[in-house]
Amino acid sequence: MHNFVSRKSRFVVAGAVVAALVTGSVSGASAASSSGSNGSGGGAFSGDTIVATAWENVAGDFSVELPPMFHPEDLDVYHYRVGVEGGAIIDFQPTEGLDSLTEAEQSQWYVDAGLAPYEFEWLVFYCPEIAPGSAEEPTAVLSDPSITLDEIVSRSVGDATGFPTFDGNTFFTWHEGFNDGSAFEPEIGQKDFLAEFSSNVQTELLNENDQPYGQYAVLAGSYLDFSCPTSGNQPSIGRILNSSQPDDFAVNRSLTIGDTIFFQGTLAPLSIPTVYSIPSAGTYIGVTGRVQFDSNAALWGVTHVNDGVRALPDTGIDESNGWTVAVASGLFVLAGIALLTSRRKRAR
């Protein structure tokens, strides 16, 4: 079954491209991600409800000589950008060059793609230190808050060697690079490639009669390149739960962040799953959606969970004096109305 949306099957209003509130992190750039910082785009806080918003662009057209000549069934590439309720984007990635989908268009996309009811995958990224606990209770994981998002490395088929007409060798080299990590070189350097930290969007190839060939092509991919401050400590990932109960995965478009995040390991054995808990502050949260074993519905969205609480807008007024100031402001308004009325009377 074809899992990707045909551009002919839906109508997308190309919304105004909203620039993400990014101060230090784009694909291939360092992220200001230390614990307690606002992070790029402001980040999230405990108590926030974050939302996976969908954005899209169209990859360049291409063909593959295998032979015979094959071409892609569809060229839409979908991206998630994490926002908060109310609309602000707090993702580490920009939205320039992408068209926004409304909530209704995003919901229709899953229907048109044959993915409804669609399940999101919310994941937590952290640096583990120690995991005490027992089989009866969720296992507490102490996380080093200094996990760092070094780079978000992105690739599009238009950048591939051989584009727009691939021979068999260059096509399979491009495709395999997303499985072994070579597609994201040289940015990720000599670090161990962690396949679960990558996402990619694929499309099926058609033959000259527009019939499915069965071979898929990667249109675009992204990789979250994390590092831990302690030598030998490898970044870890877990699928976020709604509660402390196993397999109660967070699958909705929105996610409310608590002081504690409950999660399961993504590579857990088939035996009884273990539920872990971790303080949310200092972690990163990412979102995507699985289509098939090695493909995603959309590329990563990712944000940072800051320490503390979201600050109120800086008005220059101490909150403890707010009531006094509000009353004084009201008196000034009333005095102004009285003065204006007096002047009008004198002017008659």
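Parameters and conventions
- Residues numbered from 1 in each chain as written.
- Predicted model: local features only at pLDDT ≥ 70, side-chain atom pairs only at ≥ 80, totals over all residues.
- Heavy atoms only, no water.
- Buried < 20%, exposed > 50% of the residue type's maximum accessible area, 1.4 Å probe, protein only.
- Helix = DSSP H or I, 4+ residues; strand = E, 2+ residues; numbered from the N terminus.
- Arc of directions from axis to C-beta.
- Contact = heavy atoms within 4.5 Å.
- Pairing = 2+ DSSP bridges.
- Axes fitted to C-alpha atoms, helices over the stretch in contact; angles between N-to-C directions.
- pLDDT = per-residue confidence, 0-100.
- Salt bridge = Lys/Arg side-chain N within 4 Å of Asp/Glu carboxyl O.
- Phe/Tyr/Trp six-rings, centres within 6.5 Å; stacked < 30°, edge-to-face > 60°.
- Lys NZ or Arg CZ within 6 Å of the ring centre and 35° of its normal.
- Disulfide = S-S within 2.5 Å.

### Section: helix α1 (residues 103-112)
It helps to recall that an α-helix has 3.6 residues per turn; residues three or four apart then point in one direction.
For step 1, the next point in the chain: Among the residues of α1, Glu-105, Gln-106, Trp-109 and Tyr-110 are the ones counted as buried. The buried side chains of α1 occupy one side of the element, clustering within an arc of 145 degrees when seen end-on. Every exposed residue of α1 that faces more than 90 degrees away from the buried side is listed here: Glu-103 and Ala-104.
For step 2, the next point in the chain: Check the buried side of α1 and you find it contacts β1 (49-58), β4 (76-84) and β5 (99-100).
For step 3, the next point in the chain: The first or second residue beyond α1 is Gly-114, which carries a positive phi of 75 degrees.

### Considerations on the sheet that holds strand β9 (residues 148-156)
Consider a sheet: its strands pair through backbone hydrogen bonds, and that pairing is either parallel or antiparallel.
For step 1, the next point in the chain: A sheet is described by the order of its strands in space; here six strands give the open sequence β9-β12-β11-β3-β2-β10, paired in mixed fashion. The sheet is open, and its two edges are formed by β9 and β10 (165-167), each paired on a single side. Each neighbouring strand pair of the sheet contributes to a mean axis angle of 30 degrees, computed without reference to strand direction.
For step 2, the next point in the chain: Bridge count between strand β3 (residues 69-72) and strand β11 (residues 198-206): two bridges; the pairing is antiparallel. Note that in β11 the partner of Pro-72 across the bridge is Leu-205.
For step 3, the next point in the chain: Helix-sheet contacts for helix α2 (residues 168-180) involve β2 (63-65), β9, β10, β11 and β12 (212-227), and the interaxial angle to β12 is about 45 degrees.

### Observations concerning the confidence of the model for the protein chain
For step 1, the next point in the chain: Confidence in the prediction of the protein chain, expressed as mean pLDDT, is 77, and 72% of residues score 70 or more.
For step 2, the next point in the chain: Per-element mean pLDDT across the protein chain ranges from 35 in helix α3 (residues 322-347) up to 97 in strand β14 (residues 254-256).
For step 3, the next point in the chain: Segment residues 1-39 is flagged for pLDDT under 50; beyond a separation of four residues in sequence, or across chains, it makes 115 contacts in the model.
For step 4, the next point in the chain: Under a pLDDT of 50 for its full length, residues 313-348 has, in the predicted model, two contacts with residues more than four places off or in other chains.

### Some remarks on the side chain of Ser-280
For step 1, the next point in the chain: Tracing the backbone through its elements, the reader meets Ser-280 in the loop between β16 (275-279) and β17 (284-288).
For step 2, the next point in the chain: Setting aside its immediate chain neighbours within four residues, Ser-280 contacts Ser-46, Ile-257, Gly-258, Asp-259, Thr-260, Ile-261 and Val-305.

### Notes on the pattern of salt bridges
For step 1, the next point in the chain: Within this structure, the stated rule accounts for three salt bridges.
For step 2, the next point in the chain: Arg-253 is the salt-bridge partner of Glu-103, the closest N and O atoms lying 3.8 Å from each other. Placement of Glu-103 in helix α1 and of Arg-253 in the loop between β13 (236-240) and β14 is noted, with a sequence separation of 150 residues between them.
For step 3, the next point in the chain: For Glu-103, a relative accessible area of 52% gives the class exposed.
For step 4, the next point in the chain: Residue class for Arg-253 comes out partly exposed when judged on its relative accessible area of 22%.
For step 5, the next point in the chain: The partner of Glu-187 in a salt bridge is Arg-155, with the nearest N and O atoms 2.6 Å apart. Remark: Arg-155 occurs in strand β9 and Glu-187 occurs in the loop between α2 and β11; sequence separation between them is 32 residues.

### Some remarks on the packing of aromatic side chains
For step 1, the next point in the chain: Enumeration according to the criterion identifies 24 aromatic pairs in this entry.
For step 2, the next point in the chain: Between Tyr-118 and Phe-120 the ring centres are 4.8 Å apart and the planes differ by 90 degrees, which places this aromatic pair in the edge-to-face class.
For step 3, the next point in the chain: Residue class for Phe-120 comes out buried when judged on its relative accessible area of 4%.
For step 4, the next point in the chain: Here Arg-239 stacks its cationic end above the ring of Phe-249, 4.1 Å away from the centre of that ring.

### Examining the pairing of β1
For step 1, the next point in the chain: The buried fraction of β1 is high, at eight of 10 residues.
For step 2, the next point in the chain: Inspection of the sheet shows β1 paired to β14 by three bridges, in the antiparallel sense. Pairing of Val-51 across the sheet is with Ser-254, part of β14.
For step 3, the next point in the chain: One ladder, built from nine bridges, connects β1 with β4; its direction is antiparallel.

### Overview of the state of the cysteines
For step 1, the next point in the chain: Tallied over the entire structure, the rule returns one disulfide.
For step 2, the next point in the chain: A disulfide bridge connects Cys-127 with Cys-228, and the sulfur atoms are separated by 2.0 Å. With the S-S dihedral at roughly -100 degrees, the linkage between Cys-127 and Cys-228 falls on the left-handed side. Of this pair, Cys-127 sits in strand β6 (residues 121-130) while Cys-228 sits in the loop between β12 and β13, and the two are 101 residues apart along the sequence.
For step 3, the next point in the chain: Classification of Cys-228 as buried rests on a relative accessible area of 15%.

### Some remarks on the pairing of β13
A regular strand places its side chains on the two faces of the sheet in alternate fashion.
For step 1, the next point in the chain: Counting buried residues in β13 gives five out of five residues, a clear majority hidden from the surface.
For step 2, the next point in the chain: Inspection of the sheet shows β13 paired to strand β15 (residues 260-265) by three bridges, in the antiparallel sense. In the sheet register, Gly-238 faces β15, and the bridge partner there is Gly-265.

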